[in-house]
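Below are the chains, spelled out letter by letter.
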Amino acid sequence: MGDVMEATLDKYRPQVLSILRIMAGLLFLSAGIQKWFAFPVAMPAAANITLFSMIGAAGCIELIGGALVAVGLFTRYAAFIMSGEMAVAYWFYANRPARGFMPIQNGGTVEVLFCFIFLYLVFAGSGPWSLDALLRKKA
Amino acid sequence: MLSPLPSSFSSYVLSVVRIIVGLLFLEHGTAKYLGFPAAQRIPEVLSMSGVGGLLELIGGALIVVGLLTRPVAFLLCGEMAVAYFYAHFPRNFFPVINGGDAAILYCFVFLYFVFAGAGPWSLDALLTRSRSQAPSMA
């Protein structure tokens, strides 16, 4: 019985990968929207955001990368860059000596989660519910 | 387009992601009950956060070593869904405002572990291998 259940779970694994990809992409995109468009509420650190600042660049990656990953276009490339951005965000902004080394102390849990989920997407791809899959079928 | 990376790599990365997510999750349990790394007020065991802390402690440890991954991940996915709708959603609809990003991510990552399993670097994989080898050893 356990084997039958595992076989069923394995069968739908690619679809659940797509679901995970969509949710992570949308959450990431909403972070970028908050930085650049102050929706739904303005972020204090992004009050005077400019294109060539750290936070401006982060916002751009979040906007464009988040949208790409949410629809599943160029997923592996976008996810690679977003994973790197989260690593930079964790090691340079969250993980400061004053706040402590562990993510629960420095509030960097979300960065670590995003970083590794996007790293996984680089290797696992976008799953069947994506523009990448559509384009591959047409090719 | 980039040629597809070998799928065997993705299963190892799955194990890496599972270990990291498990450690992050375990942190919250140890903070609640063992005071490490950040001391928190120990919750009443039968309260919402008390039960959540137990799930984080035991469930997190099981996810890290990759034992009983699919059922434990299913439980933790449910716990995170409850946590989001109980603690975050009432505050505001938007995750950026209600601080529920991590809960949502945990929920969907654990949902994926239910379907994907633990990957090769896990006790589950070790036990599956030993079980399939046992008949030939007899």
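Residues numbered from 1 in each chain as written. Chains lettered and ligands numbered in written order. Predicted model: local features only at pLDDT ≥ 70, side-chain atom pairs only at ≥ 80, totals over all residues. Heavy atoms only, no water.

*Asks:* Hey, could you run me through the nonpolar core in this one?
*Replies:* The nonpolar side chains of a soluble globular protein tend to be buried, and buried together. Judged by nonpolar contacts, the single largest core of 50 residues is most densely connected at Phe118(A), Val21(B), Tyr106(B), Phe110(B), Tyr112(B) and Phe113(B). For this core, the secondary structure elements donating two or more residues are helix 1 (2-37), helix 3 (75-94) and helix 5 (109-124) of chain A together with helix 1 (7-33), helix 3 (69-88) and helix 5 (101-116) of chain B. At 13 residues, helix 5 of chain B tops the list of elements feeding residues into this core. Other than its neighbours up to four places away in sequence, Tyr112(B) contacts Arg13(A), Val16(A), Leu17(A), Leu20(A), Tyr120(A), Leu14(B) and Gly117(B). (Core = buried A, V, L, I, M, F, W, Y, C linked by side-chain atoms within 4.5 Å. Buried < 20%, exposed > 50% of the residue type's maximum accessible area, 1.4 Å probe, protein only. Helix = DSSP H or I, 4+ residues; strand = E, 2+ residues; numbered from the N terminus. Contact = heavy atoms within 4.5 Å.)

*Asks:* Looking at this structure, how should I read the side chain of Gln34(A)?
*Replies:* Within the element layout of this structure, Gln34(A) appears in helix 1. By relative accessible area, which is 10% here, Gln34(A) ends up buried. Filtering out sequence-adjacent residues up to four positions away, Gln34(A) remains in contact with Phe39(A), Val41(A), Ala42(A), Met43(A) and Val96(B).

*Asks:* Mind showing me how you'd approach the packing of aromatic side chains here?
*Replies:* One pair of aromatic rings is described through two measures. These are the centre distance and the angle between the planes. For the structure on display, the rule yields 17 aromatic pairs over all chains. Centre to centre, the rings of Phe28(A) and Phe114(A) are 5.0 Å apart; their planes meet at 65 degrees, and the pair counts as edge-to-face. Pair noted here: Phe28(A) is in helix 1 and Phe114(A) is in helix 5, with a separation of 86 residues, a long-range link. Of the two residues examined, Phe28(A) and Phe114(A), each falls in the buried class. Ring centres of Tyr120(A) and Tyr112(B) lie 5.5 Å apart, and the angle between their planes is 55 degrees; this geometry places the pair in the tilted category. Remark: Tyr112(B) occurs in helix 5 and Tyr120(A) occurs in helix 5; the pair is interchain, linking two chains. (Phe/Tyr/Trp six-rings, centres within 6.5 Å; stacked < 30°, edge-to-face > 60°.)

Distances and angles like these do not, on their own, reveal function.
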